[in-house]
Amino acid sequence: MATERYNPREAEPKWQKAWSEAKLFETDNSDPRPKYYVLEMFPYPSGRIHIGHTRNYTMGDVVARHRRALGYSVLHPMGWDAFGMPAENAAMQNKVHPGKWTYDNIDTMREQLKLMGLSIDWSREFATCDVDYYHRQQMLFVDFLEKDLVYRKQSKVNWDPEDMTVLANEQVIDGRGWRSGALVEQRELTQWFFRITKFSQDLLDSLETLTEWPEKVRVMQRNWIGRSEGLQLRWELLAGTAPEGESELEVYTTRPDTIFGASFMAIAADHPLAKKAAASNPDLAAFCEECRRHGTSVAELETAEKKGFDTGIRVVHPFDPDWTLPVYVANFVLMDYGTGAIFGCPSGDQRDLDFANKYGLPVIPVVMPADGDAATFQVTEEAYVDDGVMINSRFLDGMTPDAAFEEVASRLEAASMDGRPQAARKVQFRLRDWGISRQRYWGCPIPVIHCEECGVVPVPKADLPVKLPDDIDFEKPGNPLDRHPTWRNVACPTCGKPAKRETDTMDTFVDSSWYFARFTAPKADDPTDPKAANEWLPVDQYIGGIEHAILHLLYSRFFTRAMRETDHLDLAEPFKGLFTQGMVVHETYRTGSGAKGQWHAPSEVRLDDSGGKRRAVVIATGEEAEIGSLEKMSKSKKNTIGPEEITQSYGADTARWFMLSDSPPDRDVEWSDRGAEGAHRFVQRIWRVVTGAAANIAPGDAGDAGDESLAMRKAAHKALKAVGDDFEKLGFNRAIARVHELVNQIAPTVEKAAAGSDSDKAAAHEALSILVQLIAPVMPHLAEECWQALGYEKMVAETAWPVFDPALVTEDTVTLPVQINGKRRGEIIVAKDADKDSVERSALAADFVIHHLGGASPKKVIVVPNRIVNIVA
RNA sequence: GCCCCCUUGGCGGAAUGGUAGACGCAAGGGACUUAAAAUCCCUCGGCCUUUGGCCGUGCCGGUUCGAGUCCGGCAGGGGGCACCA
């Protein structure tokens with residue numbers, strides 16, 4: 001029968017409209033059904049959606065549609081991470097207001113997303129730059145301030161003197177500003193910090209409960225938090241060598257067991273003792289200055305050689321008053337970790353060893369392998385950092401390092417110095433408080449006022465929001481808020497005298513640290529409706545890129561805790577399930593080389609693989625382009641594909657199907673036209689199979705169907721079971737393979753059934769209905785069109801997920817492979833769940849077994865029920 | 001340097017310790033067609049003496065009746081962290 005080809009350009013807008021009019025995806029908080037919250041990391045409105053975004057959203061959409069069919073009340077919202085620098089850059093380059101640029105982009109991107117047919121509750125949409133949103137963020141800030149979860153302190157920043165702006169570390173390239181090229185200075189500014197370290201231990205411990213997170217992400221967070229147990233230990237300065245008024249040096253160590261291997265002390269250039277010593281020593285002062293300068297660039301840090309400067313100060317060993325050690329200022333000691341001072345044990349630490357070898361300091365091995373020889377064990381080029389046994393360490397000799405740690409810690413805790421214990425055990429974290437001040441315009445204003453009389457005063461909630469002024473100019477460098485003629489000036493809320501607004505805005509990571517909570521009640525007057533937040537949260541399935549494995553997720557975990565302390569919700573962990581998806585990559589095409597090199601978009605080249613070699617030819621010029629490696633889609637390499645390019649030709653369903661097939665969702669997928677063509681062929685195939693039979697089949701009792709029809713029903717029910725499991729585990733590629741398999745199995749039978757008995761027709765109708773429901777989460781438009789062809793009146797998007805019949809997914813007999821000595825020699829067919837003895841008898845009676853055994857009797861027969869038989873000859 | 005992950009046909013990838021290569025892409029052959037597209041059918045890891053057999057999941061070893069899967073070592077590739085004492 002001749003059938004019309006399926007036309008996505010007609011069908012897709014039609015169904016999108018139908019869903020929208022039926023408000024199928026708008027979620028009511030009062031819906032009594034069990035709740036399921038699926039969320040994809042919201043996009044930055046950079047200008048255009050590319051196909052990589054849509055893979056992420058498609059995954060979430062499959063989960064959302066599947067859960068909805070399973071009877072859940074599903075929350076699946078979308079919004080925009082809309083503050084940030086690109087808008088300001090655009091403002092400077094194109095003289096367009098950052099707000100206009102952002103909202104224009106959002107409009108474009110929303111339309112692009114809508115083409116994909118995502119089942120999103122658009123009624124909850126917001127952008128973080130909406131006054132309504134940042135208003136509530138300011139309320140949170142004020143609440144945090146009250147609970148001492150926000151504070152101000154001096155902190156170093158990278159300052160670009162030409163652009164008069166603060167730079168993030170990644171904007172500093174070779175010590176210069178990425179835009180201006182000016183030498184970056186380190187400046188001390190008073191900045192706002194969130195007290196994330198208050199929760200260090202909890203953020204670490206609680207990782208254990210996040211069993212639905214990738215292990216990789218948990219490891220990364222654990223390392224980032226960086227807990228260590230050690231000893232804070234005070235060393236007495238040798239009288240006569242110390243600067244005026246200094247009598248001790250406190251260090252932090254995780255290896256107190258190696259204290260007899262100490263051969264020097266090293267302190268940071270910014271350490272108070274270093275500053276004091278430098279005051280009377282110009283050479284030392286110069287060295288300290290050099291250390292500070294090197295702090296700016298990551299690249300320099302990586303290659304930096306260990307360098308030190310002997311201050312002339314000496315300390316006395318805590319266990320031997322006659323043993324004194326030199327104090328160096330060293331470039332590898334950080335002021336803001338521990339106490340900014342260490343003791344160096346060269347034999348047990350590679351950095352210390354490098355340092356000692358450079359400055360001719362002693363290297364005393366104090367730990368050796370358990371089977372080593374203390375008399376000959378030496379450390380020269382490589383420090384010994386493993387477990388073992390203590391040597392050269394007086395009363396510690398023979399102990400394990402762990403026992404020695406305990407011994408040293410207990411003795412020094414008991415020892416007194418200046419009336420206080422000489423040492424204290426201390427847990428130290430690598431995690432630092434989160435600096436959120438940004439000297440920029442396009443961000444959430446920090447709602448405080450600086451008054452000469454009253455100090456720092458939070459803006460009263462009644463006076464919120466502090467709105468960004470619209471009349472700004474980007475003609476001059478620096479923060480437009482700072483030089484705005486009137487915006488800064490305000491009366492102090494406490495005393496009424498003239499005061500100044502804070503001109504810093506918040507890090508955009510703040511915006512994304514609680515948007516998931518706002519989605520649960522996006523119109524609430526308060527930041528959240530605690531009832532809605534508690535009912536919806538945690539997000540059941542969060543989906544996003546691995547690039548946010550640390551900061552965004554950690555900040556969100558902090559925010560959830562901070563919002564609990566301020567009574568905005570009542571939970572600690574915002575994301576129950578986390579999935580990190582791979583990227584969509586595409587090969588690149590390039591002509592010329594070096595500075596003259598030029599990238600070409602996929603649409604600009606023609607591919608040709610005749611003669612066994614793939615070649616790319618630039619259509620406009622006929623020039624041959626070099627085919628480059630698979631890379632993340634990026635504007636600069638022009639290897640991006642927009643959703644429209646696909647929807648205009650093949651339709652959204654094809655794109656959705658293709659992006660989820662083949663590659664597992666956590667790996668990268670290569671976008672290729674051939675793959676997309678293949679997916680589109682399958683779309684058409686389903687349409688043909690369904691509509692070819694639809695007119696001649698009808699629902700009914702399939703109980704009397706013939707063997708072929710029964711096989712078709714079994715195939716459908718087995719696929720239903722498997723695909724449901726796969727969707728739940730986000731195994732989209734496997735689910736898609738199963739659907740292919742199902743179509744391969746039933747396509748021939750369906751045609752025959754359409755000309756068969758009523759039972760056969762019912763069987764075909766049932767199998768096709770299941771098929772359509774299985775594809776519906778991935779190809780929702782095609783599914784609706786097919787569903788209608790099958791005679792249903794309700795849409796498939798509002799139809800419950802079918803339930804498989806257990807009787808149809810099990811077989812009476814099972815084919816067992818038979819191995820002889822672990823090699824497969826044949827197979828036997830036995831009754832399902834047959835007892836081991838009868839299986840063994842059948843196996844031994846099989847021709848091929850008798851042949852292979854050659855009359856010998858087997859030594860052993862292993863029968864794994866319903867799995868395999870292995871005969872050991 | 002430290003930590004983590006990965007390695008299976010021409011390609012993407014399947015495979016609760018139990019028939020390796022499901023499914024798809026690409027390729028080759030055939031049918032239909034005036035022709036093309038579309039569609040349908042067949043072949044598709046390697047080797048051999050081809051109704052059968054041998055080898056085969058980066059490499060070397062181990063555990064096991066049985067290893068792609070578990071353990072130890074090595075190699076290659078990727079990712080994260082950045083001197084954290």
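This structure is a prediction, so every number in the text was calculated from the model and none was measured. (Residues numbered from 1 in each chain as written. Chains lettered and ligands numbered in written order. Predicted model: local features only at pLDDT ≥ 70, side-chain atom pairs only at ≥ 80, totals over all residues. Heavy atoms only, no water.)

Summing up its helical and strand segments, chain A has 26 helices and 37 strands in all. With the C-alpha coordinates aligned to their principal axes, the bounding extent of chain A is approximately 110 × 85 × 65 Å. Burial status across chain A gives 53% buried among its 873 residues. Here the analysis covers contacts within chain A between residues at least 6 apart in sequence; of these, 71% occur between residues at least 24 apart. Per element, the accessible surface of chain A, about 39300 Å² overall, is 49% carbon and sulfur. Once the 101 positive and 131 negative side-chain charges of chain A are each reduced to a mean point, those two points are 2 Å apart. (Helix = DSSP H or I, 4+ residues; strand = E, 2+ residues; numbered from the N terminus. Buried < 20%, exposed > 50% of the residue type's maximum accessible area, 1.4 Å probe, protein only. Contact = heavy atoms within 4.5 Å. Areas by Shrake-Rupley, 256 points an atom, 1.4 Å probe, with all protein chains shown as cover. Lys, Arg positive; Asp, Glu negative; His and termini not counted. Charge placed at Lys NZ, Arg CZ, Asp CG, Glu CD.)

Time to look at the protein's contact with RNA strand B. Neighbouring residues of RNA strand B: 49 residues in total, closest Thr254, Tyr337, Arg351, Arg867 and Asn870. For RNA strand B, the fraction of protein-proximal atoms (within 4 Å) that sit in sugar or phosphate groups is 62%. Between RNA strand B and the protein, one listed contact pairs a phosphate oxygen with a side-chain N or O atom of Arg681 at 3.2 Å. Counting residues per element, the ones that place at least two in the surface near RNA strand B are α7 (215-225), β9 (248-253), α19 (673-694), α21 (732-754), β34 (813-820), β35 (823-831), β36 (860-864) and β37 (868-872). Top element by residues in the surface near RNA strand B is α21. It accounts for six residues. (Near = heavy atom within 4 Å. Polar contact = N/O pair within 3.5 Å; in protein donor to acceptor, adjacent residues only side chain to side chain.)

Here we come to helix α1 (residues 8-21). The end-to-end C-alpha separation of α1 is 19 Å, in line with the 20 Å expected for 14 residues at 1.5 Å each. Among the residues of α1, Pro8, Ala11, Glu12, Trp15, Gln16 and Trp19 are the ones counted as buried. For α1, the angular spread of the buried residues around the axis is 125°, confining them to a single face. In this structure, α1 carries Arg9, Glu10, Lys17 and Glu21 as exposed residues pointing more than 90 degrees from its buried face. Those residues of α1 that are buried lie in contact with α2 (51-69), α4 (98-114), α18 (652-660), α19 and α23 (780-789). Sitting at the amino-terminal end of α1 is Asn7, which places a side-chain oxygen 3.0 Å from the backbone nitrogen of Arg9. Phi for Lys23, located one or two positions after α1, is positive at around 50°. (Expected span 1.5 Å × (residues − 1). Arc of directions from axis to C-beta.)

Turning next to the sheet that holds strand β26 (residues 541-545). Two modes of strand pairing occur in sheets, parallel and antiparallel, and in both the strands are linked by backbone hydrogen bonds. An order of β2-β1-β26-β27 is seen for the four strands of this open sheet, with the pairing classed as parallel. Across the chains shown, the open sheet's two edge strands, defined by having one partner strand only, are β2 (73-75) and β27 (578-581). Within this sheet the neighbouring strands show an average axis-to-axis angle of 20°, counted without direction. As paired elements, strand β1 (residues 35-40) and β2 share three bridges and run parallel to each other. Within the sheet, the bridge partner assigned to Tyr37 lies in β2 and is Leu75. Sheet strands touched by α2: β1, β2, β26 and β27. Its angle to β1, the strand with the most contacts, is close to 170°. (Pairing = 2+ DSSP bridges. Axes fitted to C-alpha atoms, helices over the stretch in contact; angles between N-to-C directions.)

This structure, assessed with the given rule, holds two cavities of 30 Å³ or more. Roughly 140 Å³ of volume is contained in the largest cavity. Lining the largest cavity are 15 residues, and of these Arg65, Ala69, Ala776, Val796 and Ala797 lie nearest its centre. Residue assignment for the lining of the largest cavity shows that the elements contributing at least two residues are α2 and α23. Per-element tally for the lining of the largest cavity: the top contributor is α2, with four residues. For the lining of the largest cavity, the class distribution of residues is nine nonpolar, three polar and three charged. Counting residues per element, the ones that place at least two in the lining of the second largest cavity are β35 and α25 (836-845). (1 Å grid on protein atoms, 1.4 Å probe; cavity = no way out; pocket = protein on both sides within 12 Å on 5 of 7 lines; lining within 4 Å. Points joined across faces, edges and corners; volume = space filled by probe spheres on them. Nonpolar A, V, L, I, M, F, W, Y, C, P; charged D, E, K, R; others polar.)

Within this structure, the stated rule accounts for 49 aromatic pairs. When the centroid spacing of 6.5 Å and the interplanar angle of 75° are considered together, the rings of Phe144 and Phe558 count as edge-to-face. Residue Phe144 is found in helix α5 (residues 131-146), and its partner Phe558 is found in helix α16 (residues 551-565); the two are separated by 414 residues along the sequence. Of the two residues, Phe144 and Phe558, both sit in the buried class. Between the aromatic rings of Phe727 and Phe732, the centroid separation amounts to 6.5 Å while the plane-to-plane angle is 45°, which identifies the pairing as tilted. Overall, the relative accessible area of 5% leaves Phe727 in the buried class. On the basis of relative accessible area, Phe732 is assigned to the buried category, the value being 1%. Following the ring pairs from residue to residue traces out a cluster consisting of Phe141, Phe144, Trp192, Phe194, Phe199, Trp434, Phe509, Tyr555, Phe558 and Phe559. Directly above the ring of Trp122 sits Lys114, whose terminal nitrogen or CZ lies 5.1 Å from the centroid. (Phe/Tyr/Trp six-rings, centres within 6.5 Å; stacked < 30°, edge-to-face > 60°. Lys NZ or Arg CZ within 6 Å of the ring centre and 35° of its normal.)

Residues in a regular strand point their side chains to alternate faces of the sheet. Here strand β10 (residues 264-267) runs beside strand β12 (residues 320-330); their pairing, made up of three bridges, is parallel. Bridge assignment links Ala266 to a residue of β12, and that residue is Tyr328. Pairing between strand β11 (residues 308-317) and β12: seven bridges, direction antiparallel. Note that in β12 the partner of Gly308 across the bridge is Ala330. The antiparallel pairing of β11 with β12 creates a hairpin that spans two residues between the two strands.

The subject of this paragraph is the confidence of the model for chain A. Of all residues in chain A, 95% attain a pLDDT of 70 or more, and the chain-wide mean is 89. Here residues 296-302 is modelled with pLDDT under 50, and outside its nearest four sequence neighbours on either side it reaches six contacts, counting other chains as well. Interface predicted TM-score (ipTM) for the complex: 0.93; the corresponding pTM is 0.91. (pLDDT = per-residue confidence, 0-100.)

When a protein is soluble and globular, its nonpolar side chains tend to lie buried together. With 175 residues, the main nonpolar core has Phe141, Phe194, Tyr515, Phe559, Trp671 and Leu768 as its most contacted residues. The element contributing the most residues to this core is α21, with eleven residues. The contact partners of Leu768, leaving out residues within four places of it in the chain, are Val689, Val690, Ala693, Ile697, Ile746, Val750 and Leu790. Membership of the second largest hydrophobic core comes to 45 residues, among which are Leu231, Leu233, Val251 and Val379. (Core = buried A, V, L, I, M, F, W, Y, C linked by side-chain atoms within 4.5 Å.)

Quick look at the environment of Trp192 now. One can find Trp192 in strand β7 (residues 185-194). C-alpha separation for the pair Trp192 and Lys153, spaced 39 residues apart in sequence, amounts to 6.7 Å. Polar contacts involving the side chain of Trp192 include one to the side chain of Glu502, which spans 2.8 Å.

Take the environment of Glu604 next. If you trace the backbone, Glu604 turns up in the loop between β29 (598-600) and β30 (605-608). Taking the C-alpha atoms as reference points, Glu604 and Ala620, 16 residues apart in sequence, are found 7.3 Å from one another. When residues no more than four places from it in sequence are discounted, the contact partners of Glu604 are Trp599, Val617, Val618, Ile619 and Lys638.

It is worth spelling out the sheet that holds strand β4 (residues 165-167) at this point. Taken together, four strands build an open sheet; the order of strands is β4-β3-β7-β19 and the sheet is antiparallel. Whereas interior strands pair on both sides, the edge strands pair on one side only; in this sheet they are β4 and β19 (434-435). Pairing between strand β3 (residues 150-160) and β4: three bridges, direction antiparallel. If you follow Asp160 over to β4, its bridge partner there is Thr165. Each of β3 and β7 is contacted by α5, which is oriented at about 90° to β7, the strand it contacts most.

Structurally, the position occupied by Ile472 is in the loop between β22 (455-458) and β23 (489-491). Along the backbone, Ile472 and Leu742 are 270 residues apart, and their C-alpha atoms lie at a distance of 61 Å.

Looking now at the pattern of salt bridges. Counted under the stated rule, the structure contains 46 salt bridges. Here Lys497 ties to Glu453 by a salt bridge, and the two come within 3.5 Å at their closest N and O atoms. Here Lys497 is found in the loop between β23 and β24 (498-501), whereas its partner Glu453 is found in the loop between β21 (448-451) and β22, with 44 residues between them in sequence. We classify Glu453 as exposed; its relative accessible area is 55%. Residues Arg561 and Glu573 are paired through a salt bridge, measuring 2.6 Å at the closest nitrogen-oxygen approach. Here Glu573 lies in the loop between α16 and β27 and Arg561 lies in helix α16, a separation of twelve residues in the sequence. Under the relative-accessibility criterion, Arg561 is labelled buried at 0%. Taking relative accessible area as the criterion, Glu573 reaches 11% and is therefore assigned buried. (Salt bridge = Lys/Arg side-chain N within 4 Å of Asp/Glu carboxyl O.)

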